[in-house]
Amino acid sequence: MAEIVHPSPALAHQFDNLEQQKEASTLGMWVFLTTEVLFFGGLFVTYCIYRLWYPAAFAAGSREMLIWAGATNTAVLITSSLTMALAVHAAQTGNRRLLMSFLIVTMLLGCVFLGIKAFEYHTEFAEHHVPGAAFEFQPQALRQNAQLFFSLYFVMTGLHALHMIIGLGLMSFMLWWAWNGTITKEYYNPIEVSGLYWHFVDIVWIFLFPLLYLIGRHV
Amino acid sequence: MSEHIVPTRTYYTIFAILMLCTGLTVAIAFVNLGAMNIVAALAIAAFKATIVVLFFMHVKYSTRLTWAVVVGSLFWLGILLALTLGDYLTRGWIT
Amino acid sequence: MRTLVLPPHHYLNDGYGIKSWLLTRDHKRIALLYLAAITFFFFLGGSFAVLIRLELVTPPGDLVSDETYNKLFTMHGVIMVFFFLIPSIPSTLGNFLVPLMIGAKDLAFPKLNLASWYIYVLGGLFTIYALVTGGVDTGWTFYTPYSTVSSTTSVIPAAMGIFITGFSSILTGLNFIVTIHRMRAPGMTWFRMPLFLWSIYATSLIMVLGTPVLAITMLLVAAERVLHFGFFDPALGGDPVLFQHLFWFYSHPAVYIMVLPSMGVVSEIVAAFCRKQIFGYKFVAFASMAIAVLGFLVWGHHLYVAGESVYAAMIFSALSFMVAIPSAVKVFNWTATMYKGSISWKTPMLYAMGFIGLFTIGGLTGLFIAAVGFDVHVTDTYFIIAHFHYIMVGGALMGYLGGLHYWWPKISGRLYPESLAKLSAGIIFLGFNLTFFPQFILGYLGMPRRYHAYPPEFQVLNVLSSAGASILGVGYLIPMAYLMWSLRYGKIAGANPWGASGLEWTTTSPPPTENFAETPIVTEEPYTYPLRAEAHLG
């Protein structure tokens, strides 16, 4: 391990060197993502149980989803993951302008995703698919169990959207730090760690899309 | 180590595979495979998630500790799922 | 004997005034912030216990109404579990000691550490809000559909309090995991770490892996209650038992969040006061990890009578028996450490002995109720209450008090009054057993929990229990008083008053803000006893 003679301004006091600081923050983000896996995990387990119990209601519920919106949003998020990965690459190679451009594109794609999601929510609201007293569903026989599907749909996508919004906040900070020169070729770890978070949110959607939009299409 | 800089070509390749998989999973969803529809959808999703983790999130080039964290989180999710399902799937065995 | 003086510069005199505390990033000061907050919640939760025991002195419900009684035991449970026991050792002693024990300047993320304290306080404020708006009557377990449909009390603020505090727990666990992985001093290998750190590491794993599931469960309860979404509602085809699965996936391992750190404390104390290397170090270390893993496989034993399948009950029963193995390994190894040790009966050692005995009773009765047949007989009786109080109070709280006394000289730089401390340790031990042992008998005889009235034939045992509780209450107030007193008037402790091994004893008491004058280099295994006692021992 090389001794650092002049400590970098980015080095926090509790660390010996930048390498240790970087490893700590990367590990910290991975451990945090573990908690996220278990957080969404509780929802996936709930989904799994009720899908087993009420396959017809879940299939019927998923047919009500706007598949073009879900598929487009999947493509949008995958593209934003690509631009995020390229942003990390630009940070690693010290290309500040490219880094900022990729961050902006990533954020724009995130906004497109949220816009499409908001449109979907609006549609579902108009069709009385929000669970509660005003809930309507055809066929009437599946009305009760379909509420379980839509409750899960709204909580799962809602929490996912909340994570997207947090991600956009994080990216704004990163953009600020890239602009004011905090991020350098030697100290790009914040970008890398934010990228981990962004990709994780993408992965959650990769599972939500088939579970919520696709399971009933073939009937 | 995370010092490893992944060439951008790898990112574009992974992106292309992810897009193809998305198209594939939508297409398969409209074909009636019976119980295999959900299996196919989840298998494709798991594959997509795996390549995102390995390449976009650099786990392929990371320390064993990072691997342990990833595997550990999935293992604990597996505990939650398996033991809960263990109750639900065996409830009907005695009537 | 040379006269001891406090070091000129230490973390307590590095800045004065409210801002230097509320904006601190020093793990030692944050530990004290936690100490103040959890002590407040301990006495708040304890005051509900006092009212519960007062009500149960007489068979009819004459002191409080049944609704009020429901709120008393709910608030007692919520506050004691989520705001005292879970943060108790990790947030105070853990925060203070983790960097000191591994030879680091601070935790890996000091700002996050301070944020965790504020999150804890915010969660606490929600709970106090729930309290002043009339309290909650669901029991600390928030079982649906009562919590989502029927209860008319402040369920949402209380559930949000738990949700928020959960993040404090998650972030503390995350901080410890990263710190232990990445911040160890040169030469501090995993098997040179004190056993306290192994237990804190295992605890952190549970916090990080279990708490998120509780968080999402509380969120689903809130969504069902407020938005009328359906997750567990039988009217929509939902399953209330699924709530219990998700709830206990966290809340059973949570018991190990409470007791594992105490086990770590006991390992340190037993080694120090028997002047011996801990017997079977690696076994004790791996037992902590085994408990953390096995603890996640047993939650279904809370659902035996709730409608889970009989096959699942059989599997969960068998797995529950397995947790006894690593727990017993620890008890045997502490006992073996004491064998032929030169034991000095200082206060921390008294608490450690109390822990070993009471934890063993709690653990063995746990085996009774892990067996489905016996559990069906005693479910929701005072047998269960007695069992988990032997683990949580007899175990976790004894360890916490033992650790607080053991490291008090390091934290404050001063000694507590030894004979008064021994006396109160004895009072606590007596009071505890008098409170909770009769409850085993009451439960076995069939007295159900959560009722404010009971048949007259149970009165004698209930009066004994209430009498014990009043003794226990006095036992808790005395240490509170003399520890405060000792902050100003206690004898100066010196760096290592117990002649104990471990890096934390090599720095001054109280330690400087940066912990060590220069980064220590570790060349030895832990517990290199017998050591030369540096200061007045015995």
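Residues numbered from 1 in each chain as written. Chains lettered and ligands numbered in written order. Predicted model: local features only at pLDDT ≥ 70, side-chain atom pairs only at ≥ 80, totals over all residues.

Caption draft 1: How the structure looks around the overall build of chain C. Secondary structure assignment for chain C yields 15 helices and zero strands. Here the C-alpha radius of gyration of chain C, 23 Å, is about what a compact globule of 538 residues would show, namely 24 Å. For chain C, with 538 residues in total, the buried portion stands at 57%. In chain C, once contacts between residues fewer than 6 apart in sequence are set aside, the share between residues at least 24 apart is 85%. (Helix = DSSP H or I, 4+ residues; strand = E, 2+ residues; numbered from the N terminus. Rg over C-alpha atoms; globule rule 2.2 N^0.38 Å. Buried ≥ 20, exposed ≤ 12 C-beta atoms within 10 Å, placed from the backbone. Contact = placed C-beta atoms within 7 Å.)

Caption draft 2: A look at the packing of helix α2 (residues 27-55) of chain C against helix α4 (residues 110-132) of chain C. Residue and element names in this part refer to chain C. Two elements in contact, α2 and α4, have axes separated by 10 Å at closest approach and are oriented at 10°. When the axes of α2 and α4 are compared, the pair comes out roughly parallel. Residues H27, I30, L33, Y34, A37 and F41 of α2 lie in contact with α4, whose contacting residues are P110, N113, L114, W117, Y120, V121 and G124. Its residues assigned to classes, the contact of α2 with α4 shows 10 nonpolar, three polar and no charged. (Axes fitted to C-alpha atoms, helices over the stretch in contact; angles between N-to-C directions. Parallel < 35°, antiparallel > 145°, perpendicular 65-115°, else oblique. Nonpolar A, V, L, I, M, F, W, Y, C, P; charged D, E, K, R; others polar.)

Caption draft 3: Highlighting the interface of chain B and chain A. Facing the 37 residues of chain B at the interface are 35 residues of chain A. Put simply, the parts of the chain that give the side of chain B that touches chain A at least two residues each are α1 (8-29), α2 (36-56) and α3 (64-90) of chain B. Of all the elements, α3 of chain B adds the most residues to the side of chain B that touches chain A, at 11 residues. The residue inventory of the side of chain B that touches chain A, partitioned by class, reads 26 nonpolar, 10 polar and one charged.

Caption draft 4: Expanded view of the confidence of the model for chain C. All names here are of chain C. On average, residues of chain C score 95 in pLDDT, and 98% of them reach the 70 mark or higher. Scored below 50 in pLDDT, residues 533-538 shows 13 contacts in the model against residues more than four places distant or in partner chains. Scored by ipTM, the complex comes to 0.94, with pTM at 0.96. (pLDDT = per-residue confidence, 0-100.)

Caption draft 5: Representation of helix α3 (residues 67-92) of chain A within the structure. Over its 26 residues, α3 of chain A runs 38 Å from end to end, which matches the ideal 38 Å to within 8%, given 1.5 Å per residue. Looking one or two places after α3 of chain A, you find G94 of chain A, whose phi comes out positive at around 75°. (Expected span 1.5 Å × (residues − 1).)

Caption draft 6: Region of interest: α2 of chain B. With 21 residues, α2 of chain B extends 29 Å between its outermost C-alpha atoms, agreeing within 8% with the 30 Å of an ideal straight helix rising 1.5 Å per residue. The complete set of buried residues in α2 of chain B reads N37, A41, I44, A45, K48, V52, V53, F55 and F56 of chain B. At its buried positions, α2 of chain B is contacted by α3 and α6 (189-214) of chain A together with α1 and α3 of chain B.

Caption draft 7: Broad picture of the domain arrangement of chain B. All names here are of chain B. Assigned domains within chain B: domain 1 (1-62) and domain 2 (63-95). Taken over C-alpha atoms, the centre of domain 1 sits 22 Å from the centre of domain 2. With four residues of domain 1 at the interface, the matching set in domain 2 holds four residues. (Domains from an automatic or database assignment.)

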